[in-house]
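Structure assessment
Each chain, written out:
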Amino acid sequence: MDQLLAQIAKYKSEIESETVTSKEELESFRIKYLGTKGLVKTIMGEMKTVAADKKKEAGQLLNEFKIFTEGFFDNLKNGFGEESGNGAPSIDTSLPGDPLPLGGRHPISIVQNKIISIFNRLGFSVAEGPEIEDDWHNFTALNLPENHPARDMQDTFYISQNPDWLLRTHTSSVQIREMKKGQLPLRIICPGRVYRNETISARAHCFFNQVEGLYIAENVSFADLKQTLYFFVKQMFGEKVKIRFRPSYFPFTEPSAEMDISCLICGGTGCNVCKKTGWVEILGCGMVHPKVLENCGIDSNKYTGFAFGMGIERITMLSYQVKDLRLFSENDLRFLKQFTQAV
Ligand code: PHE
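Let me begin by describing the structure that accompanies this report. (Residues numbered from 1 in each chain as written. Predicted model: local features only at pLDDT ≥ 70, side-chain atom pairs only at ≥ 80, totals over all residues. Heavy atoms only, no water.)

Okay, the packing of aromatic side chains next. Under the criterion given, the structure shown has 18 aromatic pairs. Taken together, a centroid distance of 4.8 Å and an interplanar angle of 90° make the contact between Tyr-320 and Phe-339 edge-to-face. Of this pair, Tyr-320 sits in helix H10 (residues 312-320) while Phe-339 is found in the segment after helix H11 (333-336), placing the two residues 19 residues apart along the sequence. On the accessibility criterion, Phe-339 (8% relative accessible area) is buried. Here the aromatic cluster, defined as three or more aromatic residues joined through ring pairs, consists of Phe-119, Phe-124, Tyr-215, Phe-232, Phe-306 and Phe-308. Just above the ring of Phe-68 sits the side chain of Lys-12; from NZ or CZ to the centre is 5.1 Å. (Phe/Tyr/Trp six-rings, centres within 6.5 Å; stacked < 30°, edge-to-face > 60°. Helix = DSSP H or I, 4+ residues; strand = E, 2+ residues; numbered from the N terminus. Buried < 20%, exposed > 50% of the residue type's maximum accessible area, 1.4 Å probe, protein only. Lys NZ or Arg CZ within 6 Å of the ring centre and 35° of its normal.)

Rendered as structure tokens:
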């Protein structure tokens with residue numbers, strides 16, 4: 001019995017010192033210790049030599065040894081990765097992966113991207129600027145000096161820490177930043193979020209998105225502005241849409257206009273969306289005021305330019321016939337899932 005105990009202890013330490021680095025070595029281990037002629041079987045055979053009164057105890061010891069050896073083998077097998085045979089964990093790369101839910105673009109992003117790509121084709125590139133602006137870039141440089149009554153046209157959020165800071169009310173401020181860089185000719189569009197202190201309703205929000213455009217070169221005329229916007233509207237809404245310009249006023253353009261398109265819902269016959277007029281306003285535009293050019297260090301005798309600005313929400317509402325602007329910022333998945341264009 002003591003002899004058996006000593007033997008088991010010896011074998012245990014022998015097994016514990018075993019390592020395997022290949023499939024073949026793992027198999028050799030199995031044959032050596034757990035095979036039909038392996039050590040475990042052989043030592044089990046020793047039971048015959050044990051005295052009858054010790055058989056029970058010896059049986060238990062041998063069984064424990066068998067379980068120990070099997071457990072050790074399993075550990076070697078798992079740690080080593082039976083499948084790959086090179087020490088790497090076993091992964092079946094042919095199995096299909098877990099599906100990741102595919103998101104969709106926000107309707108405002110879809111329309112913004114479409115607007116950008118149309119103007120890209122006309123040679124406009126995208127320029128961006130900060131949403132927190134200073135008074136000069138948002139107002140003064142745009143021919144809206146302090147106390148100018150037109151400042152009231154855009155109800156402004158000021159930042160309490162610094163009276164000179166505000167949330168930009170339009171992306172015209174980005175145009176000022178680009179003009180100041182002094183690289184002419186300039187042909188840019190400025191998409192981005194803007195803020196106005198308005199009561200939230202189905203038609204207005206305290207923040208929304210704009211795309212403004214600016215083209216400055218020698219001999220740019222109102223005809224160029226008209227043709228550019230004409231091209232944009234046809235690309236955006238289709239060949240059948242009609243446009244019209246109405247005289248308007250902006251401090252930073254002269255002359256100024258607002259542009260309407262024939263109502264997409266009723267085709268011009270009159271409905272609730274166009275308030276029975278057959279037309280909907282989509283943007284403001286005009287020739288850049290010489291004072292604005294001079295404020296940015298551009299020679300207004302040599303250069304002229306046009307500018308325009310539109311609200312992306314308005315264009316999106318017309319494109320998809322959305323009646324309430326608030327839906328765009330509520331993040332209701334039932335609404336957003338209807339715009340299926342994948343990311
Ligand atoms: N900045 C004007 C607005 O936000 C839009 C505009 C841009 C009008 C350029 C004319 C020319 O209301």
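The structure having been displayed, the exposition proceeds.
Our next topic: the pattern of salt bridges. Summed over the entire model, instances satisfying the criterion amount to twelve salt bridges. Arg-151 is the partner of Asp-135 in a salt bridge, and the nearest nitrogen-oxygen pair spans 2.9 Å. Of the two residues, Asp-135 sits in helix H6 (residues 135-138) while Arg-151 sits in the loop between H6 and strand E3 (165-167), which places them 16 residues apart along the sequence. Judged by its relative accessible area of 13%, Asp-135 falls in the buried class. A relative accessible area of 12% means that Arg-151 is categorised as buried. Asp-324 serves as the salt-bridge partner of Arg-326, at 2.9 Å between the closest nitrogen and oxygen. One network of salt bridges, in which partners are shared, links Arg-244, Arg-246, Glu-258 and Asp-260. (Salt bridge = Lys/Arg side-chain N within 4 Å of Asp/Glu carboxyl O.)

Moving on, we come to the site of the ligand. Of all residues adjacent to the ligand, which total 14 residues, the nearest are His-170, Ser-172, Arg-196, Gln-210 and Glu-212. Between Arg-196 and the ligand, the recorded distance is 2.9 Å, taken from a side-chain N or O atom to an oxygen atom. Within the side chain of Gln-210, one N or O atom sits 2.8 Å away from an oxygen atom of the ligand. Contact with the protein chains removes 92% of the 320 Å² of surface that the ligand exposes when unbound. Within the residue set of the shell around the ligand, elements represented by two or more residues are strand E5 (207-217), strand E8 (279-288) and strand E9 (304-311). Top element by residues in the shell around the ligand is E9. It accounts for three residues. In terms of residue class, the shell around the ligand is built from five nonpolar, seven polar and two charged. (Near = heavy atom within 4 Å. Polar contact = N/O pair within 3.5 Å; in protein donor to acceptor, adjacent residues only side chain to side chain. Areas by Shrake-Rupley, 256 points an atom, 1.4 Å probe, with all protein chains shown as cover. Nonpolar A, V, L, I, M, F, W, Y, C, P; charged D, E, K, R; others polar.)

This part is about the side chain of Glu-212. Checked against the element boundaries, Glu-212 lands in strand E5. Among buried charged residues, Glu-212 stands out as having no salt bridge; its nearest opposite-charge side chain is Arg-196, 5.9 Å away. Glu-212 has contacts with His-170, Thr-171, Ser-172, Gln-175, Ile-188, Ile-189, Cys-190, Phe-308 and Gly-309, leaving out every residue within four places of it along the chain. (Lys, Arg positive; Asp, Glu negative; His and termini not counted. Contact = heavy atoms within 4.5 Å.)

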